[in-house]
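Topology and contacts: notes
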Number of protein chains: 2
Amino acid sequence: MPKLVAGDIATALRKRISSGEWEDRIPPERDLAGEFGVARNTVRRAVGLLEEDGTLVRQVGRGTFVAAADPNSMAAAFTRMEGTSPADMMEIRLLLEPAAAGFAATNASAGELNAVRDAYQTACEATDMPEFEHWDAEFHHRIFACSRNEFLKELHNLMRILRNQSPWFEMKKRSFSEERRQTYCVEHEAILDRLLRRDPEGARAAMLAHLQTVAKNLLGR
Amino acid sequence: MPKLVAGDIATALRKRISSGEWEDRIPPERDLAGEFGVARNTVRRAVGLLEEDGTLVRQVGRGTFVAAADPNSMAAAFTRMEGTSPADMMEIRLLLEPAAAGFAATNASAGELNAVRDAYQTACEATDMPEFEHWDAEFHHRIFACSRNEFLKELHNLMRILRNQSPWFEMKKRSFSEERRQTYCVEHEAILDRLLRRDPEGARAAMLAHLQTVAKNLLGR
DNA sequence: ATAGATTGGTTCAATATCGGTTCACTACAG
DNA sequence: CTGTAGTGAACCGATATTGAACCAATCTAT
């Protein structure tokens, strides 16, 4: 009785998957066959269709899983992020950091702005590259800290962790020079100035300009 | 019997760890095995998972310990992100998603745009709320997928994972109605239209408008 | 200092469940 | 009659859990 059963079962499954009936693992094919009152081969066809369009993933000996399911594995997301390219991350920094500077200009407390200024000064006075690097990063991080958006702050933290991993290290070394350090100090000062004036639009623009310099130095364009 | 018990135990442990039940040392594997009514090997698998993502550290002859609260660790960053407020996340979505839409308008392949359109149509034709939710999320995700920025895509993934956690679930339920669903469809159509016209600025604006609607519904302003 | 207890590390065989494959058989549509 | 789709069954290989044994590192009490 060719009733196109496989297709019907596929759509039935699709519905029950998107309804969240199965968090990540769907029942074994043999069970589904019983439930739908159909041969296992037929269920296999249906599951095969959903596998082709990426809805399901099958694993021999384990079971069949809904593809989008990341029930627990934020860890997996992190692993994927480790492969982030400098260009991709720079693109995101260009989005987030100017916004953070804007938020900071309106939301920061006086004490927080002092902390930003301290980081700026310490970076300017730094004598070796690692020290400058540290206070440079700290300057940026403290701006995120006064954006008053915890999630934004954590995103910056995330990017910082990723950038502290191996492939980036070499790149930072190559792109560093005394001349650039001075440029960064001047640009940082401009950002700090706008923050202290509580000028969100100016802070945003100054941060954007600074990041464009960084991008040019880092990516060599 | 592939019951995939190890994963469940891992999440149970993760919960009890973040609840502060164990200050630094967790019970011996043999005890945990008894407590969970499971073989020690299975507990070892679970603990192994938590060790991989940096949550636990094992030491022969001493015991298993929760990793020192290193604020610069990925695991710690994720834990902090779990407390993200809807308002904070919405602020970031308003930054990232319009940008993603803009990138998508210029970078997407024809096939990718078809996938976006499919998600849009399926969402419109959805008959129940869970199905709509699923394809709505899929629509947004597929736009990120054609932004051609892997990091951006993963950030969206991250936000999706966070939003699938308990406090958000209730909120989504409350904010859903047939009228809003129709509004979303219209707005999605506008976004899709700009993408198909390869109009980055238009796509960005359409996405921004859509997210402002979502924000209003979600945060009730 | 030594002995014994505790703890994680490793290995193994047995068992059960799962998807992957094949095949002979049946039913229907063109 | 032929091609297509579903049936039912058997068997394969992969994976998970069990239960147990033994090792090696560490700690504790003597």
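Given the structure is predicted, the values throughout are model-derived calculations rather than measurements. (Residues numbered from 1 in each chain as written. Chains lettered and ligands numbered in written order. Predicted model: local features only at pLDDT ≥ 70, side-chain atom pairs only at ≥ 80, totals over all residues. Heavy atoms only, no water.)

1. Structural notes on the sheet that holds strand S2 (residues 56-59) of chain B
Residues and elements named next belong to chain B. Worth spelling out the cut-off: Two strands are said to pair when DSSP picks up at least two bridges between them. Numbering of helices and strands runs from the N terminus, with a helix taken as a DSSP run of H or I at least four residues long and a strand as a DSSP run of E at least two residues long.
As summarised here, the arrangement of the 3 strands in space is S1-S3-S2, forming an open sheet in which the pairing is antiparallel. Looking along the sheet, the strands with just one partner apiece sit at the ends: strand S1 (25-26) and S2. Note that S2 and strand S3 (residues 63-66) share 4 bridges and pair antiparallel. For arginine 58, the partnering residue across the bridge sits in S3 and is threonine 64.

2. A closer look at the protein's contact with DNA strand C
We apply this condition: For this purpose, a residue is taken to be near a molecule or strand whenever a single non-hydrogen atom of the residue falls within 4 Å of it. We define a polar contact as two N or O atoms separated by no more than 3.5 Å, with the added condition that, inside protein, one atom must be a possible hydrogen donor and the other a possible acceptor, whereas residues neighbouring each other in sequence contribute only through side-chain atom pairs.
Taken together, 31 residues lie near DNA strand C, and Arg30(A), Arg40(A), Arg44(A), Arg40(B) and Arg44(B) sit nearest. Considering DNA strand C, the proportion of its atoms within 4 Å of the protein that are sugar or phosphate atoms stands at 57%. Glu29(A) is positioned such that a nitrogen or oxygen atom in its backbone is 2.9 Å from a phosphate oxygen of DNA strand C. The contact in question runs from a base oxygen of DNA strand C to an N or O atom on the side chain of Asn41(A), over 3.3 Å.

3. Quick look at the pattern of salt bridges
What counts is decided by this rule: Here, a salt bridge means any Lys or Arg side-chain nitrogen found within 4 Å of an Asp or Glu carboxyl oxygen. Here's how the labels work: a residue is buried when its accessible area is under 20% of the maximum for its type, exposed when over 50%, partly exposed in between, all with a 1.4 Å probe on protein chains only.
Across all of its chains, the model carries 36 salt bridges over all chains by this definition. Between Arg181(A) and Glu178(A) there is a salt bridge, and its shortest N-O distance comes to 3.3 Å. One end of the pair is Arg181(A) and the other is Glu178(A), both in helix H10 (residues 178-196) and 3 residues apart, which spans about a single turn. On the accessibility criterion, Glu178(A) (42% relative accessible area) is partly exposed. Residues Glu29(B) and Arg40(B) are paired through a salt bridge, measuring 2.7 Å at the closest nitrogen-oxygen approach. Here Arg40(B) lies in helix H3 (residues 40-52) and Glu29(B) lies in helix H2 (residues 29-36), a separation of 11 residues in the sequence.

4. Details of the interface of chain B and chain A
What counts is decided by this rule: Contacts are assigned to residue pairs with any non-hydrogen atoms lying within 4.5 Å of each other. Two parts lose some accessible area (1.4 Å probe) when they are put together, and adding that loss for both gives the buried area.
Of the residues lining the interface, 40 residues belong to chain B; the matching set on chain A comes to 38 residues. Summed over both partners, the interface of chain B with chain A buries about 3600 Å², with 70% contributed by carbon and sulfur atoms. Connecting chain B to chain A are 2 salt bridges. We note a salt bridge from Glu154(B) to Arg80(A), for which the minimum N-O separation is 2.7 Å.

5. Remarks on the protein's contact with DNA strand D
Around DNA strand D, the structure places 30 residues, and the nearest of them are Asn41(A), Thr42(A), Val5(B), Asn41(B) and Thr42(B). The contact atoms of DNA strand D, taken as those within 4 Å of the protein, divide so that sugar and phosphate hold 65%. In this structure, Thr42(A) approaches DNA strand D through a side-chain N or O atom, which is 2.3 Å from a phosphate oxygen. Taking Asn41(B), its side chain carries an N or O atom lying 2.3 Å from a base oxygen of DNA strand D. Secondary-structure elements contributing two or more residues to the surface near DNA strand D are helix H1 (5-18) and helix H3 (40-52) of chain A together with helix H1 (5-18) and H3 of chain B.

6. Here's the deal with the pairing of S3(B)
All names here are of chain B. Bridge count for S1 against S3 is 2 bridges, and the pairing is antiparallel. Following the sheet pairing, arginine 25 is matched in S3 by phenylalanine 65. Where S2 folds back on S3, the antiparallel hairpin that results is connected by 3 residues, among which glycine 61 adopts a positive phi of roughly 80 degrees.

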